[in-house]
Amino acid sequence: MLRLNGSVFMPSVLTLIGIPGLESVQCWIGIPFCVMYLMAVIGNTLILVIIKYENSLHSPMYILLVMLGATDIALSTCILLKMLGIFWFHLMEISFEACLLQMWLLHSFQGIESGVLLAMALDRYVAICNPLRHASIFSQKLLTHIGVGVTLRAAILVAPCLVLIKYRLKFYRTTVVSHSYCEHMAIVKLAIEDIRINKIYGLFVAFTILGFDIIFITLSYIQIFITVFQLPQKEARFKAFNTCITHICVFLQFYLLGFFSFFTHRFGSHIPPYVHILLSNLYLLVPPFLN
């Protein structure tokens, strides 16, 4: 690494410090994180295996659940192993390229999960509001297109973030990242150059993916509730509502924690860093654990 006037020119290695202000207790924080990760991996893997070998579960709702489970495993794995290395073994260094790769995987899997949640909401919308056409609309071909589409959408939209960091930002005030994983704004804020383009594009990606998805999820569930409350039989209303309530819980915990993490990185200077980082970690570990 070349240092010029106190700044670092194109660092080859970055240092992740974990949770700022809680370094002395990180080894204990790692225990519940590890337990949540193991339960998430085991639980989601069981779901994948059961759905694969049980032919009666080869329906759109369960195939989307497979997509969600696989994404959850990948999302938590891409950050947790390095995080535990920091907490337990003080393995804080990470190469700049590996950090960018982790950032791309992290934000891509977040975008994929958001797309799958949107598909699940649309599946419930068609199943409840237009049940006679559900089988013909949500065909295997459509589900394949959804899987490919949400993956390409996230991967392609996030990729320019790497390019903007790698080729626009040359000088950094420090190589110490006040985070437990490589997050877009955590890296961008290290630069001493103008980062407005990076911020603007980050906002564009967030609102293109998360903003678009949450709008259509909300519209889908508004229409679902209108249809459910118009059903004549109380038992039918309860059954329809019961199929949606778990989805709503998943949507709320994913998007509420996600938007909190997103906006505090940009506008939450008054929030203690350890609160923000802890909630950011929980945002990536709790949904796979609960799903």
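Presented here is an overview of the structure given in this document.

Quick notes on the rules
Residues numbered from 1 in each chain as written. Predicted model: local features only at pLDDT ≥ 70, side-chain atom pairs only at ≥ 80, totals over all residues. Heavy atoms only, no water. Core = buried A, V, L, I, M, F, W, Y, C linked by side-chain atoms within 4.5 Å. Buried < 20%, exposed > 50% of the residue type's maximum accessible area, 1.4 Å probe, protein only. Helix = DSSP H or I, 4+ residues; strand = E, 2+ residues; numbered from the N terminus. Contact = heavy atoms within 4.5 Å. Patch = residues over 30% accessible without salt bridge, like charges linked within 9 Å, V, L, I, M, F, W, Y side chains within 5 Å. Areas by Shrake-Rupley, 256 points an atom, 1.4 Å probe, with all protein chains shown as cover. Salt bridge = Lys/Arg side-chain N within 4 Å of Asp/Glu carboxyl O. Axes fitted to C-alpha atoms, helices over the stretch in contact; angles between N-to-C directions. Parallel < 35°, antiparallel > 145°, perpendicular 65-115°, else oblique. Left-handed = near helix turned anticlockwise from the far one by under 90°. Nonpolar A, V, L, I, M, F, W, Y, C, P; charged D, E, K, R; others polar.

**Some points on the nonpolar core**
Formed by 79 residues in total, the largest nonpolar core has its most connected members in Phe33, Leu117, Ile165, Ile217, Tyr221 and Tyr255. Ranked by residues supplied to this core, first place goes to helix α3 (residues 96–129) with 14 residues. Excluding residues that lie within four positions of it along the chain, Tyr221 makes contacts with Ala121, Arg124, Cys244, His247, Ile248 and Phe251.

**Describing a nonpolar patch on the surface**
Together, Val25, Trp28, Ile31, Val35, Met39, Trp88, Phe89, Leu91, Phe289 and Leu290 make up a nonpolar patch on the protein surface, roughly 1000 Å² of accessible area in all. The leading source of residues in the nonpolar patch is helix α1 (residues 26–53), at four residues. Relative to the helices and strands, Phe89 resides in helix α2 (residues 60–89). Among the residues examined, Phe89 registers a relative accessible area of 57% and is labelled exposed.

**Some details on unusual backbone geometry**
Phi at His90 is positive, roughly 55 degrees, even though this residue is not glycine. Mapped onto the secondary structure, His90 falls in the loop between α2 and β4 (93–95).

**Some words on the packing of α2 against helix α5 (residues 140–168)**
Put simply, α2 and α5 touch, their axes get as near as 11 Å, and they point 20 degrees apart. It follows from the interaxial angle that α2 and α5 lie roughly parallel. The handedness of the crossing between α2 and α5 is right-handed. When α2 is examined against α5, the residues Pro60, Ile63, Leu64 and Met67 are found in contact with a partner set consisting of Gln140, Leu143 and Gly147. Broken down by class, the residue content of the contact of α2 with α5 amounts to five nonpolar, two polar and no charged.

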